[in-house]
Amino acid sequence: MWVIDKNFEETSIEYLRSKTSIFKEMGITEIVKDRDKQLKGIDLICNLPLIFPKSFFKLKNRKIDVKSIAKVIPTFSFEISGNRNSGKEGWFINQDLLTDYYLLVYHQIENESASYTKNKQNMRLDNIQYTKAILVKKKKLTEYVHRYFNGRDLTEIVKEIRDISDDKKGINRFIVDKEGNLAKKRKDDEKELYITVSNQLKEQPINIIIKRTILEKLAEKIWEVDGNGKPYIS
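Every value quoted in this text rests on a predicted model; they were computed, and no experiment measured them.

Quick look at the environment of Lys-71
Inference 1: Locating Lys-71 in the fold gives a position in the loop between strand 3 (59–69) and strand 4 (75–81).
Inference 2: Taking the relative accessible area as the measure of exposure, Lys-71 reaches 17% and is therefore buried.
Inference 3: It is 35 Å that separates the C-alpha atoms of Lys-71 and Glu-179, two residues lying 108 residues apart in sequence.
Inference 4: Here Lys-71 is in contact with Tyr-106, His-107, Glu-112, Ser-113, Ala-114, Tyr-116 and Asn-119, once residues within four sequence places are set aside.
Inference 5: Within the local environment of Lys-71, its side chain forms a polar contact with the backbone oxygen of Ser-113, the two atoms lying 3.4 Å apart.

Observations regarding the environment of Pro-49
Inference 1: Relative to the helices and strands, Pro-49 resides in the loop between strand 2 (44–48) and strand 3.
Inference 2: In sequence terms Pro-49 and Asn-94 are 45 residues apart; their C-alpha atoms lie 27 Å from each other.
Inference 3: Every residue in contact with Pro-49, bar those within four places of it in the chain, is listed here: Glu-25, Met-26 and Lys-58.

Quick notes on the sheet that holds strand 8 (residues 182–184)
Inference 1: Here we have five strands laid out as an open sheet, ordered 4-10-9-7-8, and antiparallel in their pairing. In this open sheet, the two strands that pair with only one neighbour each are strand 4 and strand 8. When the angles between neighbouring strand axes are averaged without regard to direction, this sheet yields 35°.
Inference 2: Direction of pairing for strand 4 relative to strand 10 (residues 206–211): antiparallel, over a ladder of six bridges. For Phe-76, the partnering residue across the bridge sits in strand 10 and is Ile-210.

Observations regarding the sheet that holds strand 2
Within a beta sheet, neighbouring strands are joined by backbone hydrogen bonds and run either parallel or antiparallel to one another.
Inference 1: Spatial strand order, 1-2-3-5-6-11: six strands in an open sheet with mixed pairing. Of all strands in the sheet, those bounded by a partner on one side alone are strand 1 (28–31) and strand 11 (221–226). Between one strand axis and the next, the sheet turns through 20° on average, direction left out of account.
Inference 2: In terms of strand pairing, strand 1 meets strand 2 through three bridges, oriented antiparallel. Note that in strand 2 the partner of Glu-30 across the bridge is Ile-45.

What to know about the packing of aromatic side chains
Inference 1: For the coordinates displayed, the defined rule picks out 11 aromatic pairs.
Inference 2: Taking the centre distance of 6.3 Å and the plane angle of 85° together, the rings of Trp-91 and Phe-92 count as edge-to-face. With respect to burial, Trp-91 and Phe-92 carry one shared label: buried.
Inference 3: Relative to Tyr-102, the ring of Trp-91 lies with its centre 5.5 Å away and its plane at 65°, an arrangement referred to as edge-to-face. Note that Trp-91 is positioned in the loop between strand 4 and strand 5 (101–109) and Tyr-102 in strand 5, a separation of 11 residues in sequence. Each member of the pair, Trp-91 as well as Tyr-102, carries the same accessibility label: buried.
Inference 4: Put simply, the rings of Phe-76, Phe-78, Trp-91, Phe-92, Tyr-102 and Tyr-106 pair up and form one aromatic cluster.
Inference 5: Between the NZ or CZ atom of Arg-212 and the centre of the ring of Tyr-106, over which it lies, the distance is 5.6 Å.

What counts as what
Residues numbered from 1 in each chain as written. Predicted model: local features only at pLDDT ≥ 70, side-chain atom pairs only at ≥ 80, totals over all residues. Heavy atoms only, no water. Helix = DSSP H or I, 4+ residues; strand = E, 2+ residues; numbered from the N terminus. Buried < 20%, exposed > 50% of the residue type's maximum accessible area, 1.4 Å probe, protein only. Contact = heavy atoms within 4.5 Å. Polar contact = N/O pair within 3.5 Å; in protein donor to acceptor, adjacent residues only side chain to side chain. Pairing = 2+ DSSP bridges. Axes fitted to C-alpha atoms, helices over the stretch in contact; angles between N-to-C directions. Phe/Tyr/Trp six-rings, centres within 6.5 Å; stacked < 30°, edge-to-face > 60°. Lys NZ or Arg CZ within 6 Å of the ring centre and 35° of its normal.

Structural data, given as structure tokens:
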């Protein structure tokens with residue numbers, strides 16, 4: 001799976017670089033190859049033009065973490081706890097990471113499967129039909145999540161979910177109510193954000209699921225391009 005993930009990430013970045021104008025518009029100065037830097041949450045370094053953050057100055061040497069998915073779905077997943085056995089902290093709350101912005105990328109490929117895991121294996125530069133890329137400032141997103149969860153500390157939420165879902169199977173979903181208490185999410189409960197723990201997986205990761213519409217509202221910039229990298233016209 002590591003090889004599949006690596007190939008997919010490289011294909012996604014190469015598509016954005018070679019087929020679209022997205023990297024040029026972002027002012028990319030470096031596509032990071034160094035593994036140690038990548039582990040610090042840095043895939044790209046750029047000088048963001050002033051029109052993105054609506055600043056008087058370019059934002060120089062900003063560090064971008066690219067998160068891609070091989071399907072256009074209405075949400076995106078943000079990891080707050082990685083491997084339960086190792087106690088690994090999720091990348092969304094890891095304070096050691098140097099990320100300034102996330103570039104969230106949705107790819108649609110020809111003859112796509114319902115499974116984005118299979119799509120990830122099958123994606124090539126020549127079979128991408130549509131891409132949506134959303135540039136979101138990490139600080140802005142984390143502040144939004146903090147407010148939405150009524151100021152609850154995410155590390156404390158992780159501990160509480162581990163305790164109450166210890167004997168549960170499959171995927172369990174939770175919300176934070178108006179009083180800041182953790183509650184089980186009902187199937188008919190449409191929430192902008194909610195939390196999942198995937199107990200069916202060996203690592204039992206915990207993720208915050210955020211609706212794409214919210215990410216788009218918070219975005220500095222959104223791109224939609226077709227398979228040739230040209231602006232998408234629906």
